[in-house]
Every structure is written in structure tokens, then in C-alpha cells.
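# Observations on the model geometry
As a plain string of letters, each chain reads:
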Amino acid sequence: MDIDLVLASAHHLVVFALVGLFAAEFAMLRPGLAGARIGQLAKLDAAYGGVAALVIVVGVLRVIFGAMGWEYYVGNYAFWAKMAAFLVMGLLTVPPTLAIRRWAKAGQDHVVPADEIAASRRFIHLQAGVLLLIPIFAAAMARGYGAS
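Rules and cut-offs
- Residues numbered from 1 in each chain as written.
- Predicted model: local features only at pLDDT ≥ 70, side-chain atom pairs only at ≥ 80, totals over all residues.
- Heavy atoms only, no water.
- Helix = DSSP H or I, 4+ residues; strand = E, 2+ residues; numbered from the N terminus.
- Expected span 1.5 Å × (residues − 1).
- Bend = angle between axes of the 7 residues up to and from the residue.
- Buried < 20%, exposed > 50% of the residue type's maximum accessible area, 1.4 Å probe, protein only.
- Polar contact = N/O pair within 3.5 Å; in protein donor to acceptor, adjacent residues only side chain to side chain.
- Contact = heavy atoms within 4.5 Å.
- Patch = residues over 30% accessible without salt bridge, like charges linked within 9 Å, V, L, I, M, F, W, Y side chains within 5 Å.
- Areas by Shrake-Rupley, 256 points an atom, 1.4 Å probe, with all protein chains shown as cover.
- Salt bridge = Lys/Arg side-chain N within 4 Å of Asp/Glu carboxyl O.
- Lys, Arg positive; Asp, Glu negative; His and termini not counted.
- Axes fitted to C-alpha atoms, helices over the stretch in contact; angles between N-to-C directions.
- Parallel < 35°, antiparallel > 145°, perpendicular 65-115°, else oblique.
- Left-handed = near helix turned anticlockwise from the far one by under 90°.
- Nonpolar A, V, L, I, M, F, W, Y, C, P; charged D, E, K, R; others polar.
- 1 Å grid on protein atoms, 1.4 Å probe; cavity = no way out; pocket = protein on both sides within 12 Å on 5 of 7 lines; lining within 4 Å.
- Points joined across faces, edges and corners; volume = space filled by probe spheres on them.

## So, helix H4 (residues 77–105)
Between the first and last C-alpha of H4 there are 42 Å, a value that for 29 residues agrees with the 42 Å anticipated at 1.5 Å per step. At Val94, H4 shows its largest kink, close to 30°, and the proline Pro95 lies no more than four residues downstream. By the burial criterion, the buried members of H4 are Ala78, Phe79, Lys82, Ala85, Met89, Leu92, Thr93, Pro96, Thr97, Ala99, Ile100 and Trp103. Near the N-terminus of H4, the side chain that reaches the backbone nitrogen of Ala78, with its oxygen 2.8 Å away, is that of Asn76.

Spelled out as C-alpha cells, the structure:
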């Protein structure tokens, strides 16, 4: 079996799962968030973090064992732009994740204040904007842009 095909397929599948979890979190984080929905959002956010870690692991395996070879990636500015965008997305998840954890600890009767929802949604909107860059950089890489 072609290891590059397996790694590429796995990478695409975990990225699609990540985007799906992101979309679900985006949809759940709305005014009126309270009670059991906070717990559901906390589980969703934890899954989002876990799948993001899996994206990194599979991506690293793809760089090391994939058909292009690590040398291709190290010297490719489109790859580094994609990595920078992924890092920025990761950093933008920190404030909403901390807020969600705080809300979950507040108990079943907690209703999240609208201003806290709005603050977290701003970070989610910024993540969405950065997320749009990742497939653009990936498409550029696939077409040979960025190679030294």
C-alpha cells in the first residue's frame, strides 16, 4: 500500500473533521447559552483540540514519510505560511476555550452573559478568517508554489 496515499487521505480526513467541529462550535456559541448546552460545548471544544493535535501528528508524519520528502516542505514558503495560519488559529482558540471551561465549572444553572458570548464569538470569527487561508496555501503548495 502507498504510504503517501494513506497519509494524505488521513490528513484530509482529520482536517475535514476539524472544520466540522469548528463549524459546530461556531453554531453552538450563541446568546442564551446555558445549562447542559454549556457542557456539550465544552465536550465539543475538547474534541476540537484533540482533533487539532491529530492534524499536527498526521501532518508531521506526512512531512517525514510522504512522497515529497521533508526537504520540499522545509524550503517552501507556502508551507510555512500554512503553518503560521494554523498556529494563529490555535492561538485564537485559547480565549474561547478558557471561557468555555470557566462556564462549564459555573454549574448547570449558569447562563452565559451576552457580552462574554460576543467576546468569544469575535475570536471564532477571526479563526474563520484565518481558516480560509489554510486551503489557499495548501493549494499553492500542491501546485509547486513556494518551493525554493
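## Focus on the side chain of Ser120
Its place among the elements puts Ser120 in helix H5 (residues 114–142). Owing to a relative accessible area of 4%, Ser120 belongs among the buried residues under this scheme. Setting aside residues up to four positions removed in sequence, Ser120 forms contacts with Leu29, Pro96, Ala99 and Trp103.

## Examining a nonpolar patch on the surface
Judged by side-chain polarity, Ile3, Val6, Leu54, Ile56, Val57, Val60, Leu61, Ile64 and Phe65 come together as a nonpolar surface patch covering roughly 760 Å² of accessible area. Going through the elements one at a time, helix H1 (3–28) and helix H2 (36–65) are the ones with two or more residues in the nonpolar patch. Counting residues per element, the nonpolar patch draws most heavily on H2, at seven residues. Inspection of the secondary structure assignment puts Ile3 in helix H1.

## Considering the environment of Glu25
Structurally, Glu25 can be placed in helix H1. Exposure remark for Glu25: the relative accessible area of 3% places this residue in the buried category. With 107 residues separating them in the primary sequence, Glu25 and Leu132 have C-alpha atoms 17 Å apart. Sequence-distant contacts of Glu25, that is, excluding residues within four places in its chain, are made with Leu41, Leu44, Asp45, Tyr48, Ile100 and Ile124.

## Considerations on the side chain of Asp45
With respect to the helices and strands, Asp45 occurs in helix H2. Summary of buried charges: Asp45 has no salt-bridge partner, and the nearest side chain of opposite charge, Arg101, is 5.4 Å away. Those residues in contact with Asp45, other than ones at most four positions away along the chain, are Glu25, Thr97 and Ile100.

## Points about the packing of H2 against H4
Between two packed helices, the angle of one axis relative to the other and the distance separating the axes together describe the packing. For the pair H2 and H4, the least separation of the axes is 10 Å and the interaxial angle reads 155°. In terms of orientation, H2 and H4 fall into the roughly antiparallel class. Where H2 crosses over H4, the handedness of that crossing is left-handed. Across the interface between the two elements, Ile38, Leu41, Ala42, Asp45, Tyr48, Ala52, Val55, Ile56 and Val63 of H2 pack against Phe79, Phe86, Met89, Thr93, Thr97, Ile100, Trp103 and Ala104 of H4. Partitioned by chemical class, the residues of the contact of H2 with H4 number 14 nonpolar, two polar and one charged.

## Quick notes on the layout of surface pockets
Considering only enclosed or pocket space, the largest pocket measures out at about 860 Å³ in volume. In terms of lining residues, the largest pocket is bounded by 29 residues, among which His11, Arg62, Lys82, Ala138 and Met141 are the most central. For the lining of the largest pocket, the secondary structure elements donating two or more residues are H1, H2, helix H3 (70–74), H4 and H5. Volume-wise, the second largest pocket comes out at about 160 Å³. By residue number, the principal contributor to the lining of the second largest pocket is H4, which donates six residues. Residue classes in the lining of the second largest pocket are distributed as six nonpolar, four polar and one charged.

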